[in-house]
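# Fold and geometry: a report
Okay, here's what each chain looks like letter by letter:
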Amino acid sequence: MTVFLMRPFVLLPSAHCRALCGQPRLRRLPGSGPAAAGSVPCPGFPEPREEAPFVCSATIAFLCLFLLRGGGGAAGPRAGLGASARGGCRCCVPQFPCPEGGPWAPAPSWAGRGRPQCGSCPGGSPGSATPATGVPQAAGTAQPPAMEATASLLDAAAVGDLVMLDPLSEEALLRTLQERFSREEIYTYIGEVVISVNPYKPLPIYTPEKVEEYHDCNFFAVKPHIYAIADDAYCSLRDRDQDQCILITGESGAGKTEASKLVMSYVAAVSSKGEEVDKVKEQLLQSNPVLEAFGNAKTIRNDNSSRFGKYMDVEFDFKGDPLGGVISNYLLEKSRIVHHVKGERNFHIFYQLLAGGSAQLLQKLKLRPDCSHYGYLNREKSVLPGMDDAANFRAMQDAMAIIGFTPAEVTALLEVTAVVLKLGNVELSSCFQASGMEASSIAEPQELQEISQLVGLDPSTLEQALCSRTVKVRDESVLTALSVSQGYYCRDALAKNIYSRLFDWLVDRINTSIRVKPGEQRKVMGVLDIYGFEIFQDNGFEQFIINYCNEKLQQIFILMTLKEEQEEYVREGIQWTPVEFFDNSIICDLIENSKVGILAMLDEECLRPGTVNEDTFITKLNQIFASHKHYESKETLNAKHVTDISLPLRCFRIHHYAGKVTYNVTGFIEKNNDLLFRDLSQAMWAAQHTLLRSLFPEGDPQRPSLKLPPTTGSQFKASVATLMKNLYTKNPNYIRCIKPNDTKTAMLFTPDLVLAQVRYLGLMENVRVRRAGYAFRQLYQPFLKRYKMLSSRTWPHWMGNDREGTEVLLAELQFPPEELAYGHTKIFIRSPQTLFDLEKRRQQRVAELATLIQATFRGWRCRKQYQQMRKSQILISAWFRGHAQRNRYKQMKRSVLLLQAYARGWKTRRMYRRYFRSNARMRLSNFIYRRMVSSDGISASPPPRGCAQGPGPPFVPPAQVQKYLIGLRNNLPPMAVLDRTWPPAPYKFLSDANQELKGIFYLWKCKKYREQLSPQQRAVLQAKLCASELFKDKKALYAHSLQQPFRGEYLGLTQNRKYQKLQAVAKDKLVMAEAVQKVNRANGKKVPRLLLLTTEHLVLADPKAAQPKLVLSLSDIRGASVSRFSDGLLALHLKETSAAGGKGDLLLVSPHLIELVTRLHQTLMDATAQALPLSIVDQYAGPRAWPTWAFPEGAWAGGGVATAQGVSGRAGWNRAAHWAG
Ligand SMILES: Nc1ncnc2c1ncn2[C@@H]1O[C@H](COP(=O)(O)OP(=O)(O)OP(=O)(O)O)[C@@H](O)[C@H]1O
Ligand SMILES: [Mg+2]
């Protein structure tokens, strides 16, 4: 049949730049997480300013996101790049235009004709078409920039993308796969379809570094890898809001389950981190070990074969963070519970439980850790090399805990599992009823009792349910006994039902944990891992169902990748040469046709009254499909006179897309009916075990349902139809798994086996369609919306219709015309390189626009900030200026006042000089006259002639004043300072002036007196003045001292040779020298002494020897005390710390006491700048160790004899000494 197709291509908004320089270049959407560590900007790719997408606010980020997503993510059908994306300049890098900047050369479609070539690269010439093979010659001629992936893709011996295969033939394709496989490159592309060849050995290509390498990568810029398709799907989902599904197909053991786990783990690794997100991811990932334990088994083809179909919808939020998921399971191969062929195993869980369960657990479950004990395990020890059941059991338990199973739930689950296992050991024996009818009974009650104990059931109830059956005859219920074989059938049916329902419960329970709360907007990525196509020696109902499912998956692949797209070209009016491929609709129809399909026939046989068995069923099939191309049986072959001994009776053969499979109809009706006697479900419902009971709701006698349950076939057909419907709504991504050998040998490639798979997977057709087709197509409207910013005519708005807009846009971009085709509603772009170019330009433009938005925003923000700063600055400067000006003003005012004061002073002084110094007499009189006149308020000058006297002071004729002053001059009092006489004022109005003049005259007289004094007289006067300040009105002796001149030197030191030594002591520093008497502190006796006061010392000397007896430093004198009376007694208080002070104060009697104390005071002032602390007191408190003294008045005057009178006999401390008053 001829069909047309083109697979839609994926286009990622983020781009890498392995194309130009081999460096990953992660350009990220704002907020899409940190860039890959170690990524460096590509030198060959103009980088928009680095901070651009990050710095801006949330608004900017949103706007950028909006732009990058092509205006809100409504980009229409998936825009993408196929394997043919590796078009580009043949002589340089495939993904991008020539790095030399070579112009686009019009070239025929590269589908068999070659791709465009630029004229700038060596070996390339503009306009030259590539050879018809379409194989890139770059590998041998011009070297493109280093790029590992490109090299891999262009490697002629093992091209990474089969679209580049040359020549395109089955042999070449097989050779390529084999060559790549031998290099351990197990992944190969056909466009975006990933072909995975099972290596059967672990390869180091799933490391975190690899995840990083493929994260946000450009699908075609990296080596083929399953991570690339996972990343592609994830990015399309995250950035384009397109729900994705990943369809993993291939036969049993081809690596589907492993592939699905790799996809899931990749998505988990690249989506963002966080406590909540990590928990969800972990739960999603941990569902695998649990489901594999219960749903996988060892088969001849695969040690870990999935015996159920699994479709998992992983749901993401708008950021691409996983929120949760839903798992759908399809038809568990439950017959395996009761039967499996030699060399295979039952479901893993039984072996895991027996091997890994603790002794305590097994005891609780009443199990023995020995597989050979159990009938359903074929009573054989089944150890699988390379599979550690015990470890897997622990992993499963951990996984359950992570998913959220409670310990009670786990226990219940294992209990029911144990019940299934133990049911296989329930043995029946035959007996006969009274009526002679054969009946059955439990041969060994032990197992039955243990089962009953495990689930809380009465053993007799279970026994009755297993050995008899209630039959309704009209309205009566009759209990009929079952034969042994019927009993075993019941037992097995019960075991199968319990297990398959338990498996459904398990999936439901996992779903409860991982299900997303309703209401959240989600994007979905579905991962389909369903049992692979199976051809066994003996194929039964299960294989029929499994192969039907695979047939449907092949159909979806054909529909979406081959047929639909080719049809679209026709619909859109695009010129197209149809590509032949096999359409398996006919096989699907053979099986599922609702009227005359095999499943419909089977249902009919199951429901039909009368004798029904497999023979009637196959006869019917033979009649209906006698001439069907894809159906064969012994009968139909005989009719065509064909002998085929490989096709026995009771068998039919279907020519599947993947090969011919002969099915034995034995068991078809029973398995399709899948009936469980009501007695059994009622018995299960009667159990106290909550979980087991919940698995059999129909056993509730209160809710009897007479409706027959749907048959297995119809159920499966319906669920497959739902699955297909679901898949059609999503963007498909294909991983086609190939099994390289039948022996599970590592790295062994069996060409025949692979060739068969290549054929039935339709890989050749796939390649042909891709090579012939257009890489990209999209409705005009979303296309224009996405790329309109590339032309100034379409940006920001295009007013015409979308097609015209698209034409204008692409015309402006000057792509070669053969690269584009305009359909009725869609634009078609031939080579992916054109699309890459378009996308690259768009990204650059978006970056520019983002920069513009940023610039505008930053400008706005800066302006705002500037304005605010300016306002603040003006405010601050206004305040500051005000403050500064106020300060300046204050300073200026101070200065002005000062200047004013100086100026006034200066002026006054000048006036003074002018009036008092020159012509002083005259001027003084004038001055005084004026002052007098003005101070008395008398006008100095008469009013102008003719003017009446106005208000103001009366006019006084100056003659009287003149007369007064002349009189005063002639009568001035004598100049003696003590003379205070002054003539009276002749007129009353002059009395104040006269008084003032008197004061002035007196001061002047004093001044004159002072001026004529010699320095010595001045010093004496100063000493006298000091004496008056110290003693006036304080000491009676002061009055006597007034008349005595202060001579200072009373000893005649210079004249008397005897005092020569003392003179040397005094040198030039002598202040006073006199003869004094020193009072003995012990007895009051006086001894004569010579006292010398110098500027530094006070010296007491012996008058006879004229030798200093005591030299006191002035600083040792603490103070002095004298009495109020006219005595000459002086107490000098010495510092206790001084040498002389230790003995106590010094008592002296001086004939010139007033002068001595005054000079001592002055000398101290000069030496220490401190006054002498002088006490003039009535009482004197002497220092310690002094006796108390009383002195009658005058006893010491003039050097009289002192009398010591002790007040108390003992020397007393601190007692007052009284100066005799
Ligand atoms: N990428 C791989 N790398 C290494 N070994 C692999 C890979 N894929 C599969 N295998 C090996 O192949 C075995 C079978 O793979 P898997 O169980 O995925 O097959 P399947 O297609 O799911 O089969 P079935 O349809 O029976 O479930 C795995 O147990 C593993 O040993
Ligand atoms: Mg599998």
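That block above? That's the structure.
Read on for an overview of the structure.

Cut-offs used in this document
Residues numbered from 1 in each chain as written. Chains lettered and ligands numbered in written order. Predicted model: local features only at pLDDT ≥ 70, side-chain atom pairs only at ≥ 80, totals over all residues. Heavy atoms only, no water. Salt bridge = Lys/Arg side-chain N within 4 Å of Asp/Glu carboxyl O. Helix = DSSP H or I, 4+ residues; strand = E, 2+ residues; numbered from the N terminus. Pairing = 2+ DSSP bridges. Axes fitted to C-alpha atoms, helices over the stretch in contact; angles between N-to-C directions. Contact = heavy atoms within 4.5 Å. Near = heavy atom within 4 Å. Polar contact = N/O pair within 3.5 Å; in protein donor to acceptor, adjacent residues only side chain to side chain. Areas by Shrake-Rupley, 256 points an atom, 1.4 Å probe, with all protein chains shown as cover. Nonpolar A, V, L, I, M, F, W, Y, C, P; charged D, E, K, R; others polar.

## Topic: the pattern of salt bridges
- Considering all chains together, one arrives at 48 salt bridges under this definition.
- The shortest N-O distance in the salt bridge between glutamate 179 and arginine 183 comes to 2.9 Å.
- The closest approach of N and O atoms between lysine 223 and glutamate 185, which form a salt bridge, is 3.6 Å. One end of the pair, lysine 223, is in the loop between helix H6 (208-214) and helix H7 (226-240); the other, glutamate 185, is in the loop between helix H5 (170-182) and strand S2 (187-190), with 38 residues separating them in the sequence.
- Among the charged side chains, a salt-bridge network with shared partners connects Arg307, Glu333, Arg336, Glu344 and Glu534.

## Observations concerning the sheet that holds strand S16 (residues 651-656)
- If you trace the 3 strands from one edge of the open sheet to the other, you get S15-S16-S17, paired in antiparallel fashion. In this open sheet, the two strands that pair with only one neighbour each are strand S15 (631-633) and strand S17 (659-664). Looking at each pair of strands side by side, their axes are set apart by 25° on average, direction ignored.
- As paired elements, S15 and S16 share 3 bridges and run antiparallel to each other. When the sheet's bridge partners are listed, tyrosine 631 is paired in S16 with isoleucine 654.
- Across the sheet, helix H21 (residues 614-624) is in contact with S15 and S16; its angle to S15 comes to roughly 130°.

## Re the site of ligand 1
- The environment of ligand 1 is made up of 19 residues, and the closest members are Asn198, Ser252, Lys256, Thr257 and Ser305.
- With respect to ligand 1, the side chain of tyrosine 206 contributes an N or O atom lying 3.1 Å from a nitrogen atom.
- Measuring from an oxygen atom of ligand 1, one finds a side-chain N or O atom of serine 252 at 2.6 Å.
- About the coverage of ligand 1: the protein hides 86% of its 620 Å² of free accessible area.
- Put simply, the parts of the chain that give the shell around ligand 1 at least two residues each are helix H8 (256-270) and strand S6 (305-306).
- Of all the elements, H8 adds the most residues to the shell around ligand 1, at 3 residues.
- Classifying every residue of the shell around ligand 1 gives 5 nonpolar, 10 polar and 4 charged.

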